[in-house]
Amino acid sequence: MAEVRLDCMYEACPIPLLKAHKKLQQMEIGDVLILETDHNCSIKNVVDWVKKQGHNVDYIELNEGEWEIYIEKAK
Amino acid sequence: MTSKAIEELKRRRQGEFKKKNSQIPYAVIVTAISLIIYTICIKLNHHSTFWMIGLLFGITLQRSRFCFAASFRDPILVGSTAILKAILIALIVSTIGFTIVEYASIGDAGELDKIRTLGQVYPVGLHTVIGAIMFGIGMVIAGGCASGFLMRIGEGFLLQVVVLFGFLMGALVGTWQFEFWDKILISKAPTVFFPDYVDFPIATIVQVIVLVALYYVADWYDKKNNIMVM
């Protein structure tokens, strides 16, 4: 169970989503991707996309305007 | 949808990052200042009411993470229409809302000219297409439309301060070039206003039906397409 960190600070939508998609393809089942972002659009569109694809996902706000999205590859 | 591994990670990370300082006092101060400015300026003219509406719009946009850029980009780029469906619902609500406002303000349903002046009806033509393409390209590169990037500057997303300069320059060039576009395209384009052809209530109902149909098409597209499947 590896943890992979992905820095998407200062990246505008939809770059975080495209980066996450690329990274997830290289990961094994059960690995967790930690995506750091400060773009609030990502919370909506990354989380929605991951849910639609059927992986596990959740996020927290670390500081005001700074989020971490956790994605566990489920299949 | 969450899992054990994610829950554990969340708990660990939340422990590492204690929230340093609360922003709530700033919010209270800013709210108080804007209310004071509002009460002073409302005596002069109505503009401060619009300012208040703008502030409330901003809060709604920020809390809902609503994004017009994403709504039109995501269906093509990632195949998700969740935000587009939200836009369609907003259009349905505003169509009905505007009808009520327009009826209430003119009193008599027969006076179409009054509705026309009230509901800002503009000519449509080739200039709409050119403008839409230019705006669309800019919007996706900038990572947000006019309302979205202003809201994110307020939130502290630094990249969009650069966008602000581009936006100001674009608005300036647009105003400067407007006469040119007006001469070659806008003045020749027809103004389409449905209530000219059918009754006002029928126009409203037809528009709502079309929007509902589009909603179902968007819903179907979301399930059907396989762009960016994992």
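The structure this text deals with has already been given above.
Residues numbered from 1 in each chain as written. Chains lettered and ligands numbered in written order. Predicted model: local features only at pLDDT ≥ 70, side-chain atom pairs only at ≥ 80, totals over all residues. Heavy atoms only, no water.

Novice: An account of the sheet that holds strand β2 (residues 32-37) of chain A is needed here, citing residue identities and associated values.
Specialist: All names here are of chain A. The strand order β1-β2-β4-β3 describes an open sheet built from four strands, whose pairing is mixed. In this open sheet, the two edge strands, each paired with only one partner strand, are β1 (3-8) and β3 (56-63). For this sheet, the mean angle separating the axes of adjacent strands, direction not counted, is 20°. Inspection of the sheet shows β1 paired to β2 by six bridges, in the parallel sense. Looking at β2, one finds that E3 is bridged to V32. This element, helix α1 (residues 15-26), spans β1, β2 and β4 (66-72) of the sheet and lies at about 155° to β1. (Pairing = 2+ DSSP bridges. Helix = DSSP H or I, 4+ residues; strand = E, 2+ residues; numbered from the N terminus. Axes fitted to C-alpha atoms, helices over the stretch in contact; angles between N-to-C directions. Contact = heavy atoms within 4.5 Å.)

Novice: Can you explain the layout of surface pockets? Please cite residues and give values.
Specialist: Residue and element names in this part refer to chain B. What the largest pocket holds in volume is close to 1,100 Å³. Around the largest pocket sit 27 residues that line it, and A27, V30, I59, Q62 and G154 are the ones nearest its centre. The set of elements that each furnish at least two residues to the lining of the largest pocket consists of α2 (24-41), α3 (47-64) and α8 (146-155). Considering every element that reaches the lining of the largest pocket, the biggest residue donor is α3, with nine residues. Residues belonging to the lining of the largest pocket are distributed by class as follows: 12 nonpolar, nine polar and six charged. (1 Å grid on protein atoms, 1.4 Å probe; cavity = no way out; pocket = protein on both sides within 12 Å on 5 of 7 lines; lining within 4 Å. Points joined across faces, edges and corners; volume = space filled by probe spheres on them. Nonpolar A, V, L, I, M, F, W, Y, C, P; charged D, E, K, R; others polar.)

Novice: Could you give an account of the packing of aromatic side chains, naming the residues involved and the relevant values?
Specialist: Residue and element names in this part refer to chain B. As enumerated under the stated definition, the model contains four aromatic pairs over all chains in all. Measuring from ring centre to ring centre gives 5.3 Å for F66 and F68, while their planes differ by 90°; the resulting arrangement is edge-to-face. On the accessibility criterion, F68 (32% relative accessible area) is partly exposed. (Phe/Tyr/Trp six-rings, centres within 6.5 Å; stacked < 30°, edge-to-face > 60°. Buried < 20%, exposed > 50% of the residue type's maximum accessible area, 1.4 Å probe, protein only.)

What is shown is where atoms sit, not what they do.
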